[in-house]
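Fold and geometry: a report
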Amino acid sequence: MEFTHMSSNTFNQPFATQAKVNSTDMFTRKVCFDILSGQLHRLSKRLLDIIVAFTAMVLLLPVFFGAIVTIKLTSPGSVFFKQTRVGKNAKPFQLWKFRSMYIDAEQRKQDLMALNDLENNLLFKMKNDPRITPIGQFIRKYSIDELPQLINVLKGEMTLVGP
């Protein structure tokens, strides 16, 4: 399909100029521009994620170390909690967090379902959940339990959002 632009200086004279513009060429240029700008945006976002996540991990290394030692000394089991989540393009990945609950939290959840603060049983929420360790309350309050997710960001499984 082609578009023809015609112009004339007077109403009765034949058209003075014609410029043919192929709509396929216009579409192709637009698509190429969109692809390149999208790729540049993704590349710059990925680069920013790597720089910020790496810098944050280095600066927060004492916090990481303190959380690891405190969790290990106050509660048996692994220091980390991992859970399978679904990422971009429905690709599953392992989300990492510092463990803030006792190791038998899932088994104890069944006994606590009647005390669920939410009306639906799809999610479980309790104001004073007894499955949370004392150090777990602290690291949740200050979002320290979320810091290992910086590893997920470095691996490209997650991205940084918001302030």
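Keep in mind the model is a prediction, meaning the values are calculated, not measured.

**Overview of the environment of P148**
Its location among the elements puts P148 in the loop between α4 (134-141) and α5 (149-154). Its relative accessible area of 0% is what places P148 among the buried residues. Between the alpha carbons of P148 and F98 there is a distance of 6.7 Å; along the sequence they are 50 residues apart. Leaving out residues up to four positions away in the same chain, P148 has contacts with F64, F80, W96, K97 and F98.

**Details of the pattern of salt bridges**
In this structure the tally under the stated criterion is five salt bridges. The partner of K97 in a salt bridge is E146, and the shortest N-O contact between them spans 3.3 Å. With K97 in strand β4 (residues 92-98) and E146 in the loop between α4 and α5, this pair connects stretches of sequence that are 49 residues apart. Overall, the relative accessible area of 18% leaves K97 in the buried class. Here K155 makes a salt bridge to E157, at a shortest N to O gap of 3.6 Å. Overall, E157 belongs to the partly exposed group, its relative accessible area being 26%.

Thresholds, definitions, all that
- Residues numbered from 1 in each chain as written.
- Predicted model: local features only at pLDDT ≥ 70, side-chain atom pairs only at ≥ 80, totals over all residues.
- Heavy atoms only, no water.
- Helix = DSSP H or I, 4+ residues; strand = E, 2+ residues; numbered from the N terminus.
- Buried < 20%, exposed > 50% of the residue type's maximum accessible area, 1.4 Å probe, protein only.
- Contact = heavy atoms within 4.5 Å.
- Salt bridge = Lys/Arg side-chain N within 4 Å of Asp/Glu carboxyl O.

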